[in-house]
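Structural features, examined
Next come the chains, spelled out residue by residue.
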Amino acid sequence: MSRLDSHLEAALARIERAGQRRTLRPTALLPGGLVERGGRRLHDFSSNDYLGLARHPLLVERAGEWATAQGSGSGASRLVTGTSAEQLALEARIAAFKHCEAALVFASGWQANATVIPALLAAIPGAAVFTDRLIHASMHAGIAMAGVRQHRFRHNDLDHLEALLADKGAQAPARLILTESVFSMDGDRADIARLATIAERHDAALFVDEAHATGVLGPQGRGLSALVPGRVDLVMGTFSKALGGFGAYVAGSRVLIDYLVNAASGFVFTTAPPPAVLGAIDAALDLVPGMDAERAHLAALGERLRAGLARLGLDHGASSTQIVPALIGPEDAAMALSARLEDAGFLASAIRPPTVPPGTSRLRLALRAGHSPDDVDGLLAVIEANR
Ligand SMILES: *Cc1c(COP(=O)(O)O)cnc(C)c1O
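Overview of the structure. Quick caveat, the model's predicted, so the values are computed rather than measured.

Calculation rules
- Here the residue index of a chain counts from 1 through its sequence in written order.
- For a predicted model such as this one, the threshold for reporting local features is a pLDDT of at least 70, and the threshold for listing and counting side-chain atom pairs is 80 or more; totals across whole chains, interfaces and linings nevertheless cover every residue.
- To get the side-chain values, take all heavy atoms of the structure and skip hydrogens and water.
- Strands pair, by our definition, only if DSSP identifies at least two bridges between them.
- Only DSSP runs of H or I reaching four residues or more are called helices, and only runs of E reaching two or more are called strands; each is numbered from the N terminus.
- Accessibility here uses a 1.4 Å probe with only protein chains present; expressed as a share of the type maximum, an area under 20% marks a residue as buried, one over 50% as exposed, and anything in between as partly exposed.
- The cutoff for a nearby residue is simple: one of its non-hydrogen atoms must lie within 4 Å of the molecule or strand.
- Here a polar contact means two N or O atoms within 3.5 Å. Within protein one must be a hydrogen donor candidate and the other an acceptor candidate, and residues neighboring in sequence count only if both atoms are side-chain atoms.
- Residue exposure ignores everything except the shown protein chains as possible cover, and the areas themselves are Shrake-Rupley values with a 1.4 Å probe.
- Buriedness of a pocket was judged along seven lines, with at least five required to meet protein on both sides within 12 Å; pockets are open sets of points on a 1 Å grid over the protein atoms alone, cavities are sets where a 1.4 Å probe fits but cannot get out, and lining residues have an atom within 4 Å of a point.
- Assignment of a molecule to a cavity or pocket requires that more than half of its atoms lie within 2 Å of the corresponding grid points.
- Note on residue categories: nonpolar means Ala, Val, Leu, Ile, Met, Phe, Trp, Tyr, Cys or Pro, charged means Asp, Glu, Lys or Arg, and polar means any other residue, Gly included.
- Think of a salt bridge as a Lys or Arg side-chain nitrogen and an Asp or Glu carboxyl oxygen that are within 4 Å of each other.
- Each axis is a line fitted through C-alpha atoms, and for a helix only the stretch in contact is used; angles between axes span 0 to 180 degrees, taken between their N-to-C directions.
- Our angle categories are set so that under 35 degrees counts as roughly parallel, over 145 as roughly antiparallel, 65 to 115 as roughly perpendicular, and the remainder as oblique.
- Crossing handedness is read from the near helix: turned anticlockwise from the far helix by less than a right angle, it gives a left-handed crossing, and turned clockwise, a right-handed one.
- Throughout, a residue-residue contact means that at least one pair of heavy atoms, one from each residue, lies within 4.5 Å.
- One fewer than the residue count of a helix, multiplied by 1.5 Å, yields its expected span.
- Grid points are joined across faces, edges and corners, and a volume is the space filled by probe spheres set on the points.

The next subject is the pairing of strand β2 (residues 34–37). The pairing of strand β1 (residues 27–30) with β2 spans 4 bridges and is classified as antiparallel. Residue pairing in the sheet places A28 in a bridge with E36 of β2. Both β2 and strand β3 (residues 40–44) contribute to a ladder of 4 bridges, which runs antiparallel. Note on β3: the bridge partner recorded for V35 is L42. Where β2 hands over to β3, the hairpin turn is made up of 2 residues, of which G38 adopts a positive phi near 55 degrees.

What follows concerns the pairing of strand β11 (residues 323–329). Where burial is concerned, most of β11 is hidden: 5 out of the 7 residues are buried. Of the pairings in the sheet, the one linking β11 to strand β14 (residues 361–366) comprises 6 bridges and is antiparallel in character. Paired with I323 across the two strands is A366, which belongs to β14.

Moving on to the site of the ligand. By nearness alone, 14 residues border the ligand, and G109, W110, D209, H212 and K241 come closest of all. Within the contact set of the ligand, an oxygen atom lies 2.9 Å away from a backbone nitrogen or oxygen of W110. Here D209 contributes a side-chain N or O atom positioned 2.6 Å from a nitrogen atom of the ligand. For the ligand, the accessible surface in isolation is 380 Å², of which the surrounding protein chains cover 86%. Spatially, the ligand is embedded in the largest pocket. Broken down by element, the shell around the ligand gets its largest block of residues, 3 residues, from helix α5 (residues 109–123). When its residues are assigned to classes, the shell around the ligand shows 2 nonpolar, 9 polar and 3 charged.

This brings us to the pattern of salt bridges. Pairing of side chains with opposite charge becomes possible as their charged atoms draw close. Using the criterion set out here, one finds 23 salt bridges in the structure. A salt bridge links R362 to D186; the nearest nitrogen and oxygen atoms lie 3.2 Å apart. Pair noted here: R362 is in strand β14 and D186 is in the loop between β7 (175–180) and α8 (192–201), with a separation of 176 residues, a long-range link. Assigned by exposure class, R362 and D186 land together as buried. Between E200 and R231 there is a salt bridge whose closest N-O contact spans 2.9 Å. Of this pair, E200 sits in helix α8 while R231 sits in the loop between β8 (204–209) and β9 (234–238); the two residues are 31 residues apart in sequence, bridging distant segments of the chain. Note on E200: relative accessible area 46%, which makes it partly exposed. Overlapping salt bridges bring together R62, R93, D282 and D286 as one network.

With that settled, the discussion passes to the packing of helix α12 (residues 292–311) against helix α14 (residues 373–386). Contact geometry for α12 and α14: axes closest at 10 Å, N-to-C directions at 20 degrees. With respect to their mutual orientation, α12 and α14 come out roughly parallel. α12 and α14 meet at a crossing whose hand is right-handed. The segment α12 lies against α14, with H297, L301, R304, L305, G308 and L309 engaging P373, V376, D377, L379, L380 and I383. Its residues placed into classes, the contact of α12 with α14 shows 8 nonpolar, 2 polar and 2 charged.

For the bond from P353 to P354, the omega torsion is 10 degrees, close enough to zero to count as cis. Looking at where P354 falls in the secondary structure, it is placed in the loop between β13 (350–351) and β14. Despite not being glycine, H99 shows a phi value in the positive range, around 55 degrees. Residue position: H99 is located in the loop between α4 (85–97) and β4 (102–106). Notably, D203 is not glycine yet its phi reads approximately 50 degrees, a positive angle. Locating D203 in the fold gives a position in the loop between α8 and β8.

Bringing α14 into the picture now. Between the first and last C-alpha of α14 there are 20 Å, a value that for 14 residues agrees with the 20 Å anticipated at 1.5 Å per step. On its buried side, α14 packs onto β3, α12, α13 (331–343), β12 (346–347) and β14.

What follows is about the side chain of S108. By the element assignment, S108 lies in the loop between β4 and α5. Residue classification places S108 among the buried residues on the basis of a relative accessible area of 18%. A polar contact of 3.4 Å, which involves the side chain of S108, links it to the backbone nitrogen of W110. Among all residues touching S108, those that are not within four sequence positions of it are G247 and A248.

Before going further, it helps to examine empty space enclosed by the protein. Summed over all chains, the structure comprises 1 cavity of 30 Å³ or more. By volume, the largest cavity amounts to about 40 Å³. Together, R78, V105, F106, A107, G266, F267, T270, T271, A272 and P273 line the largest cavity. Elements with a contribution of two residues or more to the lining of the largest cavity: β4 and α10 (265–268).

Taking strand neighbours across the sheet as the criterion, the 3 strands line up as β11-β14-β13 in an open arrangement whose pairing is antiparallel. In this open sheet, the two strands that pair with only one neighbour each are β11 and β13. Against the sheet, α13 contacts β11, β13 and β14, and its axis sits at roughly 40 degrees relative to β14.

Laid out in structure tokens, this is it:
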């Protein structure tokens, strides 16, 4: 019994009373759009392994090769002895993939957003920060760490952004706009071309989180920022979703990366990623540009799922990607439907506050390239039978 426990038990009881207590359930990701949980195989509509790379033999093999050749750990932070020649070569590949001058690998997307944002804001005191209302928790963590007040614009409402830029940004020494290219809980896209134009008009820097677009959208899976080369100041994305591995990247100008090497605490004060993680990224970069067939398949599955939900009278919001929400509304209804689907052999996690706004609890349906049209039809049938 620790001296903390009585406080923590009380805090947990408050979470429990709010109906928001979460627990961990062992689950194994399998090929073919499946997972195994509690001894049962389920059709998986909840993972972010969009391209099926997390179980791809080439990634597993390359991870093993890099570990065999270079060891299981990297030994120190990058600035001490943790930078391998292989990692520098990998970062050059990432920069080329993103059509940027330079790139830097981080241990995770959370760590990148939470520590890059305060580093940037430390270099531009007084900068006004403009954020889409639905940006990821990791960006909020970064803004909070910087101690800066953010001006939030209504989700994807770029007229609102422009009004805020004119009202709150004009007097500031600099302006920074933060958004995602594909929103993680809604599966809709930001209009990156228009954002770039607005940023240019207001002399603002543009920061785009491509966690869910990297590998899936844009030419050869390079993300939506690749549609507007050179016009996004900082792009970040993860290797943990469509790229089937772990870690994250930040890409942009050489000066940006040189600065982050010196100033991002989540880079400076942490150990370099292990060789196995870097090997898997290297293999994913071999495969992703050539996966147009998988990307087209995901797009077709998305259309099929949205059409099916609409037939059932379920709102899928503005989704246009491999992430398709089925909006339910009340938390308990979303949780109960998710549980019934699991009984019927389909994993479709309910997402509820505080991850999404109150009253918008949903099934967040995520498609995997291993799904067939029949899997989607099967999911729709069990939703129809259980709602
Ligand atoms: C998942 C996610 C992150 C965090 O990335 P990790 O590598 O999983 O830490 C950041 N931003 C968005 C939008 C995400 O969906």
